[in-house]
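# Descriptive structure summary
Letter by letter, the chains look like this.
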Amino acid sequence: QRRAAKIQTPALLRGSLVELDADAGIDVLLWSGGKDSLLAARALCREHGNKRRLVLLTTFDAGSRQVAHQEVQIDAICEQAESLDLPLVGCPLVPHIPYGTRLDEALRLVQRSAPAPVARVCTGDLHLEH
């Protein structure tokens, strides 16, 4: 949690990416800390039969350390990841770097560190269409 209070670029905040299942692609779940995120995580774990293919990724304001929409602090998100026993990548957002650029940096971090490629980027926001 101390690391979450300091990072200014995407970083692993909890868990290990090298311990993920190397035999299959990795799913990255955009994690807001809300109930829809939890439902999505449960569905993905059920689909895989285990947690070893799932990484949580959360974006938050680099200044306030707050996750948008849920209005929770990044420390609370770290506690959630700990309770779920899932790795968490934190992605601090700053005004001078576009959201897409920062998210790409976080996904590249997962890709570099995980033993298998990122297969999907998932969200619990059921109202979004691709």
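Residues numbered from 1 in each chain as written. Predicted model: local features only at pLDDT ≥ 70, side-chain atom pairs only at ≥ 80, totals over all residues. Heavy atoms only, no water.

Time to look at the overall build of the protein chain. The helix and strand tally for the protein chain stands at 3 helices and 7 strands. Going from the N terminus to the C terminus, the protein chain shows its helices and strands as β-β-α-β-β-β-α-β-α-β. Over its C-alpha trace the protein chain gives a radius of gyration of 14 Å, about what one expects of a compact globule, namely 14 Å for 130 residues. Taken along the three principal axes of its C-alpha coordinates, the protein chain extends 40 × 30 × 30 Å. The burial tally for the protein chain puts 43% of its 130 residues in the buried class. Taking as baseline every contact in the protein chain between residues at least 6 positions apart, the subset at least 24 positions apart corresponds to 77%. (Helix = DSSP H or I, 4+ residues; strand = E, 2+ residues; numbered from the N terminus. Rg over C-alpha atoms; globule rule 2.2 N^0.38 Å. Buried < 20%, exposed > 50% of the residue type's maximum accessible area, 1.4 Å probe, protein only. Contact = heavy atoms within 4.5 Å.)

On to the side chain of Arg65. Looking at the element boundaries, Arg65 is found in the loop between strand S3 (54–61) and strand S4 (66–67). Buried Arg65, no salt bridge; nearest opposite-charge side chain is Asp61, N-O distance 7.0 Å. At 2.7 Å, the side chain of Arg65 forms a polar contact with the backbone oxygen of Ala62. In contact with Arg65, not counting residues within four places along its chain, are Ala4, Ala5, Lys6, Ile7, Gln8, Phe60, Val72, Gln73 and Ile74. (Lys, Arg positive; Asp, Glu negative; His and termini not counted. Salt bridge = Lys/Arg side-chain N within 4 Å of Asp/Glu carboxyl O. Polar contact = N/O pair within 3.5 Å; in protein donor to acceptor, adjacent residues only side chain to side chain.)

Moving on, we get to the nonpolar core. Judged by nonpolar contacts, the single largest core of 21 residues is most densely connected at Leu13, Leu29, Leu54, Leu56, Ile74 and Leu88. Of all elements in the fold, only strand S1 (11–14), helix H1 (35–48), S3 and helix H2 (74–84) reach the threshold of two or more residues within this core. With residues up to four places along the chain from it excluded, the contact list for Ile74 reads Ala4, Leu13, Thr58, Phe60 and Arg65. (Core = buried A, V, L, I, M, F, W, Y, C linked by side-chain atoms within 4.5 Å.)

Attention now goes to the sheet that holds strand S6 (residues 88–93). Strands sit in the order S1-S6-S3-S2-S7 across an open sheet of 5 strands; the sheet is mixed. Unpaired on one side and paired on the other, S1 and strand S7 (118–123) mark the two borders of the sheet. Neighbour to neighbour, the strand axes of the sheet diverge by 30° on average, direction disregarded. Relative to S7, strand S2 (residues 26–30) runs parallel, the two being bridged by 5 bridges. The residue bridging Asp27 from the neighbouring strand is Arg120, located in S7. The strands touched by H1 within the sheet are S2, S3 and S7, with S2 carrying the most contacts at an inclination of about 170°. Here H2 sits on the sheet in contact with S1, S3 and S6, set at roughly 170° to S3. (Pairing = 2+ DSSP bridges. Axes fitted to C-alpha atoms, helices over the stretch in contact; angles between N-to-C directions.)

Across the protein chain, the average pLDDT comes to 91, with 95% of residues at or above 70. Confidence, read as mean pLDDT per element, is least for H1 in the protein chain (92) and greatest for S6 (97). (pLDDT = per-residue confidence, 0-100.)

To continue, consider the side chain of Asp27. Mapped onto the elements, Asp27 comes out in strand S2. Judged by relative accessible area, Asp27 falls into the buried class, the value being 0%. One polar contact links Asp27 to Arg120, side chain to side chain, over a distance of 2.6 Å.

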